[in-house]
Each structure stands twice: as C-alpha cells, then as structure tokens.
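# Results of the structural survey
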Amino acid sequence: MIFEANLVDVWKDQIYPCSLDIKENKIVSITRIDKQVSNYILPGFVDSHIHIESSMLTPRAFSEQAIKHGTIAVVADPHEIANVCGISGVDYMISLSEKTDVAFFYGAPSCVPATSIEASGASIGVSEIETLMKSNSIYFLAELMNYPGLINKDSSVIEKVTIAKKYLKPIDGHAPGLSDDEMHNYFSAGISTDHECTSYKEAMKKIALGVMILIRRGSAANDLLNLLPLFDKSPKNLMFCSDDLHPDALLEGHIDLSVKFAVNAGYNLFDVIRAASVNAVLHYNLPIGLLREGDSADFIVVDSLKEFNTLITFREGRCIYNEVKRKKKSVKLNIINNFNREEISVKDIVLLNDGNESPFIEVFDKSIVTKKIILPALIFSGLAYSDVSRDLLKVILINRYNTKDKPIVSMVRGFGLKEGAMATSVSHDNHNIIAVGTNDQDLFTVINLVIKKKGALAVVSKNFSDVLSLPIAGLMSNLDAITVAKKYSKLDKCIKNWGSPLSAPFMTLSFLALIVIPEIKIGLKGLFDVNSFKYLK
C-alpha cells in the first residue's frame, strides 16, 4: 500500500512530500518525492491521561468517535470503575477494549479509595497493585492522588510506589497546590507526571524537578490557555490530555482541538505535534508507531496544518477511519454494577441550622478547585433551605453502597439554578450520589430517580423530569456515543435553561466530593477542608 502526502517529520523538524510504503502493517519505507501533493501525514494523536468512564461511554463507543479526530491511543486510568467494582472493574475495562480501533493503555489505580478517610464500593490495596503491575496489560501506576500519604510516608502508599519501580513502570502524579518543599518531596519519590497544573509558574517549578506536564483540556477543567507558554521554555516536558471529557464534547473534538489551538496561537508546529503524540509514546513506552521506517503503520492524514481535520486514521496498517460512514456491528455487553441504596424520604435531606454563619462551598466555571465561603443560610424554624436569590443551594451526598448511611447535606454557591434540581451517580472518585437543587421536593425526587435506575444523571422541576441511565457501574451507558451525547446535551441544556452559568454543570457537580482537590469538598462525614486535610466540625 502506497500513500503520497506531505510528511510532517517530527524527527527532523521538516515537512516534505513523500511516498509511504506499507507492508504487513509496517512502514517499509519513507521516500521523498519530487511532486506536489495534498494533505499532511502526522503521527496519530495520544490522550496522555483520561478516565474513559467519565465520558459515560464504553471504550468501544468512545473509540468510534475518537478516531474521527485523529486519536489512535489513550493512556487511561480506570480508577472510576475501580472505586465501584475493584480489580474486577479494571479487568472489565481491559476486556471491553480488546477489539476497539483506538488502543487503550491502562494503568493500575493507585488510590482506591482516593484516601483512607473515605469509603467507596471497593478497594485496591498493595497486593492488588502487585497483581496488576505484573500484567502486560498494565502500563503504569495511575495518578497518585494521596499526596499527603506519600509526603508523610504512609507505608501502603510507599509500597505501591516501590512495586511500580520494581516493574519499571512510570508513576503518574496528581499534585495540586503543593508548597515548594511538599512538591520536592512528592516528585523526588519517583512521580513522573502531573495533570493538575493550573498556572505557568506552578508548571515551571515541576518541570525543574523533571516532571512531565500534561496540559489538560477537559469538560470541567481547561488549563490550555494558561499552560501553552510552556512550549516556549520546555516543550519536551509536555503532553496533551483531556482527563474528563463528556460525550457531547467528544463529538466536537479531542486532542486535535488542543493541537489546532496551540498551532494557530503561534507555537512551534513540531513541538505541538510531539506533545500530542511522540512524548506520550516514549514516556509510557507504548507500542505505537511514530512515522519511522520499521514502525507500526500508525498515523493520520489531515487536510491542513491550520484546521487539522482528520481525513484518514490508520492503526497497525489498517484504515480505521476515512470519512466514510461505516456501519458498526453491535456488541452485546455484560453489565456490572455495585449499588445498594434504598429510596430516601424528604425528611432525610433536612439541614439543621441555628442561624449562625456557616462554612459552605463555592464553585467556579471550568475549574474543579473550590473555595470555602462563610455565610448565613436561609432559615425557617431551625432548618436551612436553598436561597435562590443568593444562589445558595442545597447540595446532598448519599452513600450508594450502604443504605444505612444518612445523607450529608450542606450548601453550595455557583450553580445559579432558579428552579429544579439535578443529581448524578458520577461523583469522583467514590461515585456516590450527589445532587444540588432549589427546593427539597425536587431534590427528593431527582435523587430517587438516580436510585431507581441504580445509576444515572437526572433533572427534575415542578413539571418536568428526564434521566440518562448509566447501568454499567452507575458510570457508563451501554448506548452509542451519539445517542448518549444527545441525551446528555438535553439534560445539560435543561440545567442551563434553569439558570446555571456553568459550562459543564454535571461535571462540576461530580467533582464536589473529590476531597483531594482544594479547597473545600463534601464527604461522607460532612464538609472536608482539603488544606488541613480533615473534616470541619
């Protein structure tokens, strides 16, 4: 098979017309040609950090859309489903990915649960990490979110790191807002990446410690604009990732959008392409070709170096996308879940308050970082209620694994709802049920909708309700990406019509219980101060 196009040679920093000869899935030769050709051949794009479950799609459904945007591989951390189903959840994701067009390279979830002070549906301890790291299907130790445990030399955390080093596999980091001393102690333990940088200054400090910075463009967190100037200083330390990407966003684009934005912003084309492909392949030692003679024939063809529209996607010498719609055979899925919660009553979600000012949560658009605010609540007869006039709404967290646990109720500012309520079983990282709403009746109804479905996204108002079922672990749909995206978009539009200014309100809601991201979150024992790493009394 012969391809003729302009080669973007990331090894020589040159662009020239070439003839690409492919035989038996390998690139046999790359020959310069003296003729004018159209289109451009690039290495296929790699998402260097993503949780597939957060797309609410199966790996197959995700793959069918990602290849249209030039993605040929993803480095995936399956800790979402691991928090629900344990090591069997990791095995489940690997099995679902065996015959997909996109190559999925999974890590061993290092923090299941995220910390020892929170409960989840399962746990992955030292022995399970040893089992996973032995496997050829596991490429790295996934993001070490328990940075206090590592810095304070928690024995189980240290053992997991030691096991990864024994098997010569990279260790992913997760270290937002550390002091200089904490940063040094954390990364000197062998942590090699970080995807939580939100500022240029923070990223440069980590690069000075030898860290690879993953520039994130996700549905809830988008650090692209702040971090692109890093290409002027240390392009070899950069990769692109999405981290968490909702299905409607995937239909619009993937890593290709980060590439397009960076190149059109004036950054060096070859540096940007390497950040989207080469750097991740080399860092994680992935079996992906990089447009060299003898490499696996993994590449994409785009229309221009301005628009980067994918025309053809090749993997292992096989065309997996060529702008022609191909009918996909449906695949029967086994459904796994872990859900043990009875329906609640309205009295379960009351919030006692004596009228004094209390600490609450404030959220911000396109960020998973929150702020602690001190405000008086709206009080009637000793009970606090949502106050739409001040955008101070009830937020409720419910343990999905233990029906005896009482709901945790607090207040949050920033969702902007003028009516209705929303709830989800996608609640990082333990994936309990979390809801926010303008009144108790709608909150009660929307939470019970999620419980009835044993996992879902749902919205409710006085005269309306809708739900997106997530039967696989309460995290993923068993439907195709376009169908899921349409259902999700309908819910998202509904919340925005009810007043929310947030770009991705469901994604923002899902991170309110992740107690390793500053500054204040809601946990199963109340509000959690991340800075002091303890529950507020």
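Everything numeric here is computed off the predicted structure, so don't read it as measured data.

What counts, and at which threshold
Residues numbered from 1 in each chain as written. Predicted model: local features only at pLDDT ≥ 70, side-chain atom pairs only at ≥ 80, totals over all residues. Heavy atoms only, no water. Helix = DSSP H or I, 4+ residues; strand = E, 2+ residues; numbered from the N terminus. Rg over C-alpha atoms; globule rule 2.2 N^0.38 Å. Buried < 20%, exposed > 50% of the residue type's maximum accessible area, 1.4 Å probe, protein only. Contact = heavy atoms within 4.5 Å. Areas by Shrake-Rupley, 256 points an atom, 1.4 Å probe, with all protein chains shown as cover. Lys, Arg positive; Asp, Glu negative; His and termini not counted. Charge placed at Lys NZ, Arg CZ, Asp CG, Glu CD. Phe/Tyr/Trp six-rings, centres within 6.5 Å; stacked < 30°, edge-to-face > 60°. Lys NZ or Arg CZ within 6 Å of the ring centre and 35° of its normal.

### Description of the overall build of the protein
Within the protein one finds 16 helices and 29 strands. Whereas a compact globule of 537 residues would reach a radius of gyration of roughly 24 Å, the protein reaches 23 Å, a difference of no more than 12%. Over its C-alpha atoms, taken along the principal directions, the protein stretches across nearly 85 × 50 × 40 Å. Residues classed as buried in the protein amount to 62% of the 537 residues present. Long-range contacts, defined as pairs at least 24 residues apart, comprise 68% of the intrachain contacts of the protein with a sequence gap of at least 6. Counting only carbon and sulfur atoms, one obtains 49% of the accessible surface of the protein, whose full area is about 20,800 Å². Computing the positive centroid from 58 side-chain charges and the negative centroid from 61, the protein places the two 3 Å apart.

### As for the packing of aromatic side chains
Tallied over the entire structure, the rule returns 14 aromatic pairs. An angle of 75 degrees between the planes, with centres 4.9 Å apart, marks the rings of Phe105 and Tyr139 as edge-to-face. You can see Phe105 sitting in strand 7 (residues 103–108) and its partner Tyr139 sitting in strand 8 (residues 138–144), a full 34 residues away along the chain. You can call Phe105 buried: its relative accessible area is 6%. By the ring-pair criterion, three or more aromatic residues cluster together here, those being Phe3, Phe299 and Phe314. Arg32 extends its terminal NZ or CZ atom over the ring of Tyr16, reaching a point 3.8 Å from the ring centre.

### So, unusual backbone geometry
Along the chain, Val112 connects to Pro113 via a cis peptide bond; the corresponding omega equals 0 degrees. Along the chain, the position of Pro113 falls in the loop between strand 7 and helix 4 (126–134). We note that Asn39 has phi near 65 degrees; this positive angle belongs to a residue other than glycine. When you line up the elements, Asn39 lands in the loop between strand 3 (26–32) and strand 4 (40–43). The backbone of Ala473 shows a phi angle near 60 degrees, a positive value even though the residue is not glycine. Of note, Ala473 is situated in the loop between strand 26 (464–469) and helix 15 (481–497). When its relative accessible area of 0% is taken as the criterion, Ala473 is described as buried.

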